[in-house]
Amino acid sequence: MKKILVLNSGSSSLKYQLFNVDGDKYDVVAKGKADRIGIHGSFVEIKITNGEKRTREVALPTHNEAIEEVTKELLNGALASMEEIDAVGHRIVQGGDIFKNSVLVTDTVIEQIEELSELAPLHNHAHVLGIKAVQKLLPNVPQTVVFDTAFHQTMPKEAFLYALPMEQYTKHNIRRYGFHGTSHAYVSQKAAELIGKRGKIITCHLGNGASISAVDNGICLDTSMGFTPLAGLVMGTRCGDIDPYIPLYICKTQNKTPDEVNEILNKKSGMFGLCGYSDNRDIETLYGVEECATDALNAYIHSIIRFIGAYIAVLGGVDAIVFTAGIGENGSLVRKLVIERLAYLGITLDEEANSKRGDITEISTKDSKVRVFVIPTDEEYMIAKDTMNIVFGA
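Residues numbered from 1 in each chain as written. Predicted model: local features only at pLDDT ≥ 70, side-chain atom pairs only at ≥ 80, totals over all residues. Heavy atoms only, no water.

S.K.: Just checking my understanding: could you explain the overall build of the protein chain for this structure?
M.R.: Along its length, the protein chain carries 15 helices and 14 strands. Over its C-alpha trace the protein chain gives a radius of gyration of 21 Å, about what one expects of a compact globule, namely 21 Å for 394 residues. Taking the principal axes of the C-alpha coordinates as reference, the protein chain spans close to 55 × 55 × 45 Å. By residue count, 51% of the 394 residues in the protein chain fall in the buried class. The long-range share in the protein chain, meaning contacts at least 24 apart out of those at least 6 apart in sequence, stands at 61%. Element-wise, carbon and sulfur atoms account for 50% of the exposed surface of the protein chain, whose accessible area totals about 18,200 Å². (Helix = DSSP H or I, 4+ residues; strand = E, 2+ residues; numbered from the N terminus. Rg over C-alpha atoms; globule rule 2.2 N^0.38 Å. Buried < 20%, exposed > 50% of the residue type's maximum accessible area, 1.4 Å probe, protein only. Contact = heavy atoms within 4.5 Å. Areas by Shrake-Rupley, 256 points an atom, 1.4 Å probe, with all protein chains shown as cover.)

S.K.: I tried to follow the nonpolar core on my own but got confused; where do I start?
M.R.: Generally speaking, nonpolar side chains in soluble globular proteins are found buried as a group. Counting 61 residues, the largest nonpolar core has Ile202, Leu206, Tyr300, Ile308 and Ile321 as its most contacted members. Here this core takes twelve residues from helix H11 (residues 291-315), the largest share from any one element. Setting aside residues no more than four positions away along its own chain, leucine 206 makes contact with Leu233, Tyr300, Ile304, Phe323, Thr324, Ala325, Gly326, Ile327, Gly328 and Val334. (Core = buried A, V, L, I, M, F, W, Y, C linked by side-chain atoms within 4.5 Å.)

S.K.: What exactly am I supposed to notice about the environment of threonine 223 here?
M.R.: Here threonine 223 shows up in strand S11 (residues 219-223). Exposure remark for threonine 223: the relative accessible area of 0% places this residue in the buried category. In sequence terms threonine 223 and isoleucine 212 are eleven residues apart; their C-alpha atoms lie 5.7 Å from each other. Among all residues touching threonine 223, those that are not within four sequence positions of it are His152, Met155, Arg176, Gly178, Ile212, Ser213 and Tyr311. Here the side chain of threonine 223 touches isoleucine 212 through a polar contact of 3.2 Å, landing on its backbone oxygen. (Polar contact = N/O pair within 3.5 Å; in protein donor to acceptor, adjacent residues only side chain to side chain.)

S.K.: Hey, could you run me through the sheet that holds strand S1 (residues 2-9) in this one?
M.R.: Pairing between the strands of a sheet comes from backbone hydrogen bonds, and it takes one of two forms, parallel or antiparallel. Ordered by their spatial adjacency, eight strands build an open sheet running S5-S4-S3-S2-S1-S6-S8-S7, and the pairing between neighbours is mixed. If you trace the sheet from one side to the other, it starts and ends with strand S5 (53-57) and strand S7 (103-104), each paired once. Relative to S5, strand S4 (residues 43-48) runs antiparallel, the two being bridged by five bridges. Among the inter-strand pairings, phenylalanine 43 is bridged to a residue of S5, identified as glutamate 57. Sitting on the sheet, helix H3 (residues 124-137) touches S1, strand S6 (87-92) and strand S8 (143-147), and the angle it makes with S6 is about 170°. (Pairing = 2+ DSSP bridges. Axes fitted to C-alpha atoms, helices over the stretch in contact; angles between N-to-C directions.)

S.K.: Help me out: how do you make sense of the packing of aromatic side chains in this one?
M.R.: The geometry of an aromatic ring pair is captured by two quantities: the separation of the ring centres and the angle between the planes. Tallying each qualifying case throughout the model produces eight aromatic pairs. Judged by centre distance (6.4 Å) and plane angle (75°), the rings of phenylalanine 19 and tyrosine 26 are edge-to-face. Judged by its relative accessible area of 17%, tyrosine 26 is buried. Centre to centre, the rings of phenylalanine 160 and tyrosine 169 are 5.8 Å apart; their planes meet at 50°, and the pair counts as tilted. For phenylalanine 160, a relative accessible area of 7% puts it in the buried group. Through pairs of rings, three or more aromatic residues link up here, namely Phe19, Tyr26, Tyr186 and Tyr381. The residue whose ring lies beneath arginine 175 is phenylalanine 160, and the NZ or CZ to ring-centre distance is 3.8 Å. (Phe/Tyr/Trp six-rings, centres within 6.5 Å; stacked < 30°, edge-to-face > 60°. Lys NZ or Arg CZ within 6 Å of the ring centre and 35° of its normal.)

S.K.: Even after reading the chapter, I still don't get the packing of H11 against helix H13 (residues 332-341), so can you show me in this structure?
M.R.: Relative to each other, H11 and H13 sit at 50°, their axes nearing to 10 Å. One way to sum up the angle between H11 and H13 is to call them oblique. For the element pair H11 and H13, the recorded crossing hand is right-handed. Between H11, through Leu297, Tyr300, Ile301, His302, Ile304, Ile305 and Ile308, and H13, the contact on the second element is made entirely by Leu333, Val334, Leu337, Val338 and Arg341. Each residue belonging to the contact of H11 with H13 can be placed in one class, and the counts come to ten nonpolar, one polar and one charged. (Parallel < 35°, antiparallel > 145°, perpendicular 65-115°, else oblique. Left-handed = near helix turned anticlockwise from the far one by under 90°. Nonpolar A, V, L, I, M, F, W, Y, C, P; charged D, E, K, R; others polar.)

S.K.: It is not clear to me how the sheet that holds strand S12 (residues 320-324) should be interpreted in this structure. Could you clarify?
M.R.: Strand order in this open sheet of six strands is S11-S10-S9-S12-S14-S13, and the pairing throughout is mixed. Looking at the sheet topology across the chains shown, the edges are occupied by S11 and strand S13 (361-362). Note: S13 against strand S14 (residues 371-374), two bridges, orientation antiparallel. Directly across from threonine 361, in S14, lies its bridge partner valine 374. In the packing of helix H6 (residues 181-195) onto the sheet, the strands contacted are strand S9 (200-206), strand S10 (210-216), S12 and S14, and the crossing angle to S9 comes to about 135°. H13 rests against S9, S12 and S14 of the sheet, and its axis sits at about 160° to S12.

S.K.: Is there a simple way to explain the environment of tyrosine 16 in this structure?
M.R.: Here tyrosine 16 is to be found in strand S2 (residues 13-22). With 364 residues separating them in the primary sequence, tyrosine 16 and glutamate 380 have C-alpha atoms 8.4 Å apart. Not counting residues within four places of it along the chain, the set of residues in contact with tyrosine 16 comprises Leu5, Val6, Leu7, Ala30, Lys31, Gly32, Lys33, Glu45, Ile46, Val70, Glu73 and Leu74.

S.K.: I'm lost on the pattern of salt bridges in this one. Help?
M.R.: Any two side chains of opposite charge can pair, on the condition that their charged atoms come close. Inspection of every chain in the model, using the stated rule, returns 17 salt bridges. Glutamate 69 is the partner of lysine 72 in a salt bridge, and the nearest nitrogen-oxygen pair spans 3.2 Å. Of this pair, lysine 72 and glutamate 69 both sit in helix H1 (residues 63-74), separated by three residues, roughly a single helical turn. For glutamate 69, a relative accessible area of 8% translates into the label buried. Of the charged contacts in the structure, one is a salt bridge between lysine 190 and glutamate 193, with a shortest N-O distance of 4.0 Å. Of this pair, lysine 190 and glutamate 193 both sit in helix H6, three residues apart, which is roughly one turn of the helix. On the basis of relative accessible area, lysine 190 is assigned to the partly exposed category, the value being 25%. (Salt bridge = Lys/Arg side-chain N within 4 Å of Asp/Glu carboxyl O.)

S.K.: What exactly am I supposed to notice about a nonpolar patch on the surface here?
M.R.: A surface patch of nonpolar side chains, about 320 Å² in accessible area, is lined by Tyr245, Leu248 and Tyr249. In this structure, leucine 248 sits in helix H7 (residues 245-254). The exposure class of leucine 248 is partly exposed, given its relative accessible area of 47%. (Patch = residues over 30% accessible without salt bridge, like charges linked within 9 Å, V, L, I, M, F, W, Y side chains within 5 Å.)

So, in C-alpha cells, the structure goes:
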C-alpha cells in the first residue's frame, strides 16, 4: 500500500487529493483545496471519504502556508503522520517542447519549469512554489511533475507549426502546445476501452476553459488550444480563435495597451462577453429566453461543431466522441445541441441517457454509427498513476 499526494497549484489556489494505492486500485482518501492564497478571505477545505467535510478561514500569504495548512487538515482524520506519504505528484500547465513525459523532480527540472514561466506566467511559477513548499516540508519524499502539454507532444509538425517566420519557432518557441492533456489522455483511454479498440476518438474537454483533441490509436494528432489556452473554442471568458489582427486593431483604434487587450481577450470575452454570463448553468437556463444568452450558446455550439468537423477530416473518420469536464459532464443542453448538429454522421441522441450525470454514460442510441460518451475526467488519478510508475515502477 502506498500513499500518493497529488497537488495542483494555481496562482492563488492549491487543490489536492490523497490516494491509497494498492496494486491497480486507487482509492481517494481525502481531497480539498487551499484558496485565495495571498488574498484577503483565504481558506482551506477538506472532504474525507468517511463523509466529514471542513472549511476553515486562515491567513495564506504564500504557498508555503497553504501547504502547511493542507498538512494540518490531512493530519486531522486522513493521516496519522506526514511520514505516511510515499510520493507527491504535481500538475504542471506548461512543459514546452522540453517535457514529453512526466518526470521525477530534480533541481534541473525545477529550473526548466521556471524558465517556461514566460509561456504560462500565471501557472508555472505557482507550480514551482508548490514544489519548493513540499521540499521544505517533506525533504525526503520523492516528487514528480505531470505536464498538461505532454500528451500533445505527439502532434506532427504540420499541426503544431504556425505559419510565421521560422525563427519565431526556433528562437522564441512559438508553436501550438495544447493544454488539458492529462484529461484528454484519460478520457480517450476510457473511450478506447468502451469501444473495444483504440480507434479514432474526438475528446471534448468542455469547462470554463475548453479544448478539443483528435486522438488516433492513442496518439494526439491535433488539439484546439495553441501557444496559450486562449486559442480554439469560444469559452467562458476567453474569446477562442479570432482574426489575429483584432488585438492590434483594438490597440490602435481604442488606445488600449497590450495588457488591457489581454484582459479583454482572457477575462471579458467568450460567452461572458456576448451575454454577461460565464457560467453555463445560467446560460442554459436562459437559452431561448434571453436573445443574448441564446446567441452566446449558439456561438459556443458552432465553435465545437467546427472543430469536431475539422478533426473528423484530420482523423479520416471517427469511431467515438467524448464529452468531459464541467460543461461536458453536466451540460445536457450543450450535448443535445451538438449531437443534433452531428446527425449527418448517423448519430441519434438517447434523451434518457443524456439526462443522467455523474457516471460514464453512452448517450448515443445503439443504432448510431458513431458512439458518443460522457466520461467524467480524473486528472488526479492520472497524476497519481504516473507518480507510481516513475517512483516505484508500478
